Amino acid sequence: MSTVIYISGKLIYLVSARGRGAKAVPVKAYTMPAPEGSVINGIITDPDVFMPFIRKVFHDNKLSTADVSLVVNSTKLVGKRIELPKMNSSKRLEYIAREYNELDRGDTPPVYAYTPLYREKGGKVESIYAESVESSFVKDYMELFAESGIKLKGIYSSEGTMIKMVQNTAARRSPTFVVQMADDNMLTNVLWANERFCYFSCQRCFSEPGSPEYLEECGRALSQLTQFMKANQIEGIIRNVYVAGIEGLDLNLYRELLSNSHIEAAVDYFDCGLSAKVRKRVDQYSVLPALAGLLGQEPTGDMLAAWKAQKTARHTDTFWKKSFALIAAVAAIMIALTAASIMKKNTVRDELEAVKFYNESPSVQLELAEYEMTVAEVNQASDRYASFVNIRNAVETYPIFNDAIREPVERCALGYAEIEIVSFDALAGALSFTAKSERVQDINKFVARLQEEEIFSSVFYSGYSLNGNDGTWNIHVTCTLAESAGRQE
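Q: What exactly am I supposed to notice about the pairing of strand β6 (residues 68-72) here?
A: Two faces belong to every sheet, and in a regular strand the side chains alternate between them. Across the five residues of β6, five count as buried, placing the element largely inside the fold. The two faces of β6 match: Val68, Leu70 and Val72 on one face and Ser69 and Val71 on the other face are all buried. With five bridges connecting them, strand β1 (residues 2-7) and β6 associate as parallel partners. What sits directly across from Ile5, in β6, is Leu70. Bridge analysis of β6 against strand β10 (residues 152-157) gives five bridges, and the strand direction is parallel. Paired with Ser69 across the two strands is Gly154, which belongs to β10.

Q: How should the packing of aromatic side chains be read in this particular structure?
A: Here the distance between the centres and the angle between the planes together describe a pair of aromatic rings. In the structure shown here, the tally under the stated rule is 12 aromatic pairs. With centroids separated by 5.8 Å and ring planes inclined at 40 degrees, the aromatic side chains of Tyr100 and Tyr112 adopt a geometry described as tilted. Taken together, the residues Tyr100 in the loop between α2 (89-99) and β8 (111-119) and Tyr112 in strand β8 connect sequence positions 12 residues apart. Residue class for Tyr100 comes out buried when judged on its relative accessible area of 1%. Taking relative accessible area as the criterion, Tyr112 reaches 11% and is therefore assigned buried.

Q: Got a minute to help me understand the sheet that holds β1 in this structure?
A: Across a sheet, strands are paired by hydrogen bonds formed along the backbone, either parallel or antiparallel in direction. Pairing in this open sheet of five strands is mixed, and the strands run β3-β2-β1-β6-β10 from one edge to the other. Strands at the two margins of the open sheet, each flanked by one partner only, are β3 (25-33) and β10. Each neighbouring strand pair of the sheet contributes to a mean axis angle of 20 degrees, computed without reference to strand direction. One ladder, built from eight bridges, connects strand β2 (residues 11-18) with β3; its direction is antiparallel. Its bridge partner lying in β3, Ala17 is registered against Pro26. Here helix α1 (residues 47-60) sits on the sheet in contact with β1, β2, β3 and β6, set at roughly 35 degrees to β2. Strands in contact with helix α3 (residues 135-147) are β1, β6 and β10; relative to β10, the strand with the most contacts, it is inclined by about 140 degrees.

Q: Is there a simple way to think about the pattern of salt bridges in this case?
A: Oppositely charged side chains are able to pair whenever their charged atoms sit close together. A full pass over the atoms with the stated rule returns 11 salt bridges. The residue Lys153 makes a salt bridge to Asp67 at a minimum N-O spacing of 3.9 Å. Separated by 86 residues along the polypeptide, Lys153 in strand β10 and Asp67 in the loop between α1 and β6 bring together distant segments of the chain. A relative accessible area of 17% means that Asp67 is categorised as buried. The partner of Glu407 in a salt bridge is Arg411, with the nearest N and O atoms 2.5 Å apart. Placement of both Glu407 and Arg411 in helix α13 (residues 403-413) is noted, with a separation of four residues, approximately one turn of the helix. Glu407 sits in the partly exposed class, given a relative accessible area of 39%.

Q: Got a minute to help me understand α13 in this structure?
A: Given 3.6 residues per helical turn, the α-helix brings residues three or four places apart onto the same face. What α13 keeps buried is the set Ile405, Pro408, Val409, Cys412 and Ala413. Buried positions in α13, seen along its axis, are confined to an arc of 135 degrees and lie on one side of it. Close packing links the buried residues of α13 with β16 (418-425), β17 (430-437), α14 (443-451), β18 (456-466) and β19 (473-481). Two or three places before Ala404, at the start of α13, stands the capping residue Asn402, its side-chain oxygen 2.9 Å from that residue's backbone nitrogen.

Q: Any chance you could explain the confidence of the model for the protein chain here in plain terms?
A: Close reading of the predicted structure is inappropriate where its pLDDT is low. Summing up the model confidence of the protein chain, the mean pLDDT is 86 and the portion of residues at 70 or higher is 93%. When mean pLDDT is taken per element in the protein chain, β6 scores highest with 94 and helix α7 (residues 275-278) scores lowest with 66.

Q: What should I look at first to understand the pairing of β18 in this one?
A: Bridging between β18 and β19 involves nine bridges; their strand directions are antiparallel. For Ser458, the partnering residue across the bridge sits in β19 and is Thr480. Following β18, the chain reverses through six residues before pairing antiparallel with β19; Gly471 in that reversal takes a positive phi of roughly 80 degrees.

Q: What am I meant to see in the state of the cysteines here?
A: A covalent bond bridging the sulfur atoms of two cysteines is what the word disulfide describes. Per the counting criterion, the structure on display carries zero disulfides. Just so you know, Cys198 is unpaired, no disulfide at all, and the nearest cysteine sulfur is the one on Cys202, 18 Å from it. When its relative accessible area of 15% is taken as the criterion, Cys198 is described as buried. For Cys202, which is in no disulfide, the shortest distance to another cysteine sulfur is to Cys205 and amounts to 8.9 Å. The partly exposed category is assigned to Cys202, whose relative accessible area is 35%.

Q: What is the right way to read the nonpolar core from this model?
A: Taken as a class, soluble globular proteins show a tendency for nonpolar side chains to be buried jointly. Ranked by internal contacts, the top residues of the largest apolar core, which has 35 residues, are Met165, Val179 and Phe270. Broken down by secondary-structure element, the contributors of at least two residues to this core are β1, β2, α4 (158-168), β11 (177-183), β12 (186-193), β13 (196-204), β14 (240-244) and α8 (288-295). Broken down by element, the residue count for this core peaks at six residues, all from α8. If near-sequence neighbours (up to four positions away) are discounted, Met165 is found in contact with Met181, Phe270, Cys272, Leu288, Leu291, Ala292, Leu295 and Gly296.

About the criteria used
Residues numbered from 1 in each chain as written. Predicted model: local features only at pLDDT ≥ 70, side-chain atom pairs only at ≥ 80, totals over all residues. Heavy atoms only, no water. Buried < 20%, exposed > 50% of the residue type's maximum accessible area, 1.4 Å probe, protein only. Helix = DSSP H or I, 4+ residues; strand = E, 2+ residues; numbered from the N terminus. Pairing = 2+ DSSP bridges. Phe/Tyr/Trp six-rings, centres within 6.5 Å; stacked < 30°, edge-to-face > 60°. Axes fitted to C-alpha atoms, helices over the stretch in contact; angles between N-to-C directions. Contact = heavy atoms within 4.5 Å. Salt bridge = Lys/Arg side-chain N within 4 Å of Asp/Glu carboxyl O. Arc of directions from axis to C-beta. Polar contact = N/O pair within 3.5 Å; in protein donor to acceptor, adjacent residues only side chain to side chain. pLDDT = per-residue confidence, 0-100. Disulfide = S-S within 2.5 Å. Core = buried A, V, L, I, M, F, W, Y, C linked by side-chain atoms within 4.5 Å.

Listed below in structure tokens is the structure:
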């Protein structure tokens, strides 16, 4: 039996299963709160409290401590999608390291891992999702779990395993879609466009899960992804939205909210392909991040294996440095004994010097420096542009008060009611006005005309009352403006 642990924030997920990958069969799943303050942003901040807790969890549930994988969701992990020429694994890691050369490496080089995305048949370019993290991040996790008697076989990122699971499931059914997955108060969004992974984001939600306000936050996240597609000139529209982990989700309400936001996409639960295997034994939607760690493991995405390989390489370098004096003495004796060996050595040395001279020539070094500088500038410019687009799109979702707002309200009231606009709240999207009518039969006509206006996302009519001063009827109606109302197309 193998066990997957998912650590992010307040909640800890565990899944016990037989087998791995597509053949895995989950047997049991557990969800439990971490001790208060012991885990923050995927980092164990209080080992003295957390490690006895996790040791007790394994003991009480009789879980095996010999085959355990850890999945971590933390901002310490820096991921990016990279397209690179086809090459072997060692050169691929060197290429990834150059892509992260703008980060501060500290005393020891960081650990790099990646998840293969796709390689066009017969093509020379492949796409990967690369990730970088400090060596101490991996080392600390391995040592802390070892102190608890739990031997980790692998450490993976939540992003990499999630992307791989989506690639093996939803990506085989739809070319352009979004997967929205809730984890406590965090919402993960995975964008797939034209059969290719495009974007991964994670944001904090402030409303109660399953509430209309929470679903509106989910809808705004989708709107931002559509703006991202437009800003990056990605063709196509989002056809499907797959959701998971949202407690109390009302699919029909979410579909209606998306339709009101002009997002015409089919909304359904995310299917990770385990329904027939687990049946009712495991609530797959509530522990999906841990299931992703079970289904989406890639050897190249194992940060623990990468850290061990890096550590071995450093030890090997140290060994050869210490042995250099002995090797040099033996080489000198061999050269003295064999003249032919001396001549051969001189020839090879000359060739080596020629190659070294070429590689260290100012022109080659200058070209390399220019390339690295250009890559850094492009990355910085891209980040700034993406930030600008996000800010601009967020601002443009707020309505503004102008004739485009005033004229429809006055037009609806013409012949039916007298109105006086009182206030406008752009943050809440609320337009406040008083309305009264001399004829009670005109009230419903006035409200019906308001409900037909596209500038309002909702018109709530609660009735009317008689005004004792002048015999008119006060109309009780509340109007909420639609997103971007009053802005010119």
